[in-house]
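Take a look at the letters that make up each chain.
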Amino acid sequence: MPDTLPDEIKTLVDEVLAGKARSVARAMSLAEGRSEQSEALMAELHRHAGRAHIVGLTGVPGAGKSTMVAALTRELRKRELSVGIIAIDPSSPFSGGAILGDRVRMTGFAEDDGVFIRSMATRGALGGLARASLDTVDVLDAAGFDIVLIETVGVGQDEVDIVQAAHTVVVVSAPGLGDEIQAIKAGVLEIADIHVVSKCDKPDAPRTVQDLQGMLHLGRPGKGDKDWATPVVPTSAETGEGIEDLVAKIIAHYDHLENSGEMEVRKRQILEMRIIKTAEDILRDRLMRERAGKLQGLLEKAYQRDMDVRAAARDLLGVVTELKRKGGADEP
Ligand SMILES: Nc1nc2c(ncn2[C@@H]2O[C@H](COP(=O)(O)OP(=O)(O)OP(=O)(O)O)[C@@H](O)[C@H]2O)c(=O)[nH]1
Ligand SMILES: [Mg+2]
């Protein structure tokens, strides 16, 4: 580690690498923000991340994602794989309803060192949600979790971006919700590496399975990964049906990515996306700080029709020349 790193951060890094739960939680809180400390921490952790298998789960609200995450975690633990979980929760941090629900479902893991659960509220997220949540993935990755599960609702560009930054994308559809249609609209079905039909203890589940299989036969091409045939896995958290199969498919997909060279391609795509998202965040912060400054003069000129909007925007961008050298949020 560089000598310039504050002792406090050095200790935190060591503890995260050792997998100490309390330090992992603290590092994740830091990672969500963008202080100078957070940049130093993430720089160090980045060097140690890159080993976890990152699995994204998405689907419309109520599709059964959280129940599935709990069932999957139980199955992965049987195989002695450690699991870090990030649930991106659209509920307000104040109502806390859904977060509480997830906590209750996951309480079975409270005593288990091999499971770490974190809920992130979308409302009130510090900085861009995608940037923040993917930085927290790095923390779990560096902490040595074998699998990192990310649960997001498949609605909204941010959530779709986040789940697409997983190595393996699992799209959960529930029978009878009209999910097929809704998910197509949200552009979510196309990003699936694995389709899951949850609640297959319900009578209309076979229909949903058929719909998805039909859609795949119609040649929705997914990610253009020709050597992977996207499976449709019916599951029930109620009866336990299909959960073992789903874990097997997730692991098979990982093996496929590694053996075909596709993993390297995806890891580069994910990093590209993260770098751009982070740059956008830094830029937005910097520009927002000009609201009381340079922007005032520019908007006045635009208001008087002495300057057009694009010229004003380009002029405003003149303030970013210093960003390369300094941190984002904390520079004066
Ligand atoms: N019958 C049946 N019900 C299920 C199954 N899995 C989940 N459910 C129920 O479906 C409802 C929604 O489940 P969640 O796991 O909270 O769904 P979610 O997709 O995480 O929902 P949000 O996080 O709110 O988007 C709950 O009432 C569950 O009890 C299942 O396999 N069978
Ligand atoms: Mg949920």
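Here, the structure is the one placed above.
Our subject in this report is the structure included herewith.

The rules behind the values
- Residues numbered from 1 in each chain as written.
- Chains lettered and ligands numbered in written order.
- Predicted model: local features only at pLDDT ≥ 70, side-chain atom pairs only at ≥ 80, totals over all residues.
- Helix = DSSP H or I, 4+ residues; strand = E, 2+ residues; numbered from the N terminus.
- Buried ≥ 20, exposed ≤ 12 C-beta atoms within 10 Å, placed from the backbone.
- Contact = placed C-beta atoms within 7 Å.
- Expected span 1.5 Å × (residues − 1).
- Near = placed C-beta within 6 Å.
- Nonpolar A, V, L, I, M, F, W, Y, C, P; charged D, E, K, R; others polar.
- Axes fitted to C-alpha atoms, helices over the stretch in contact; angles between N-to-C directions.
- Parallel < 35°, antiparallel > 145°, perpendicular 65-115°, else oblique.
- Left-handed = near helix turned anticlockwise from the far one by under 90°.
- Pairing = 2+ DSSP bridges.

1. Regarding the overall build of the protein chain
- Along its length, the protein chain carries 13 helices and seven strands.
- When the 332 residues of the protein chain are sorted by exposure, 39% land in the buried category.
- For the protein chain, the proportion of contacts with a sequence separation of at least 24, taken over those separated by at least 6, is 76%.

2. Some details on helix α2 (residues 21–32)
- Along its twelve residues, α2 runs 17 Å from first to last C-alpha, staying within 8% of the 16 Å computed at 1.5 Å per residue.
- Turning to α2, its buried residues are V24, A27, M28, L30, A31 and E32.
- As for α2, its buried residues are in contact with α1 (7–17), α3 (36–46), β3 (115–121) and α6 (129–142).

3. Describing the site of ligand 1
- Not every one of the 17 residues close to ligand 1 is listed here, only the nearest: P61, G64, K65, S66 and T67.
- Residue contributions to the shell around ligand 1 peak at three residues, all from helix α4 (residues 65–78).
- The residue inventory of the shell around ligand 1, partitioned by class, reads five nonpolar, seven polar and five charged.

4. Topic: the packing of α1 against α3
- For the pair α1 and α3, interaxial distance at closest approach is 10 Å and the crossing angle is 40°. With respect to their mutual orientation, α1 and α3 come out oblique. You can see that α1 and α3 cross each other, and the crossing is right-handed. Contacts between α1 and α3 involve I9, L12, V13 and V16 from the former and Q37, A40, L41, E44 and L45 from the latter.

5. With respect to the environment of I86
- Here I86 shows up in strand β2 (residues 83–89).
- Taking the C-beta count within 10 Å as the criterion, I86 has 26 such neighbours and is therefore assigned buried.
- Between the C-alpha atoms of I86 and S119, which are 33 residues apart in sequence, the distance is 5.7 Å.
- Sequence-distant contacts of I86, defined by excluding residues within four places in its chain, comprise R118, M120, S133, T136, V137 and I150.

6. Here's the deal with the pairing of β2
- For β2, a buried count of seven out of seven residues is recorded, marking the element as mostly surrounded by other parts of the structure.
- The alternating pattern of β2 places V83, I85, A87 and D89 on one face and G84, I86 and I88 on the opposite face, and all of these are buried.
- Of the strand pairs in this sheet, β2 and β3 are connected by seven bridges, and their pairing is parallel. Bridge pairing in β3 links A87 to S119.
- Two strands pair when backbone bridges link them, and β2 and strand β4 (residues 147–153) are joined in this way by five bridges, in the parallel orientation. Residue pairing for β4: V83 is matched across the bridge by I147.

7. A few points about the sheet that holds β2
- Taken in spatial order, the seven strands make up an open sheet running β3-β2-β4-β1-β5-β6-β7, and their pairing is parallel. In this open sheet, the two edge strands, each paired with only one partner strand, are β3 and β7 (232–234). Across the sheet, the mean angle separating the axes of adjacent strands is 20° when strand polarity is ignored.
- Judged from the three bridges that link them, strand β6 (residues 194–197) and β7 form a sheet pairing that is parallel. Across the sheet, residue V196 finds its bridge partner in β7, namely V233.

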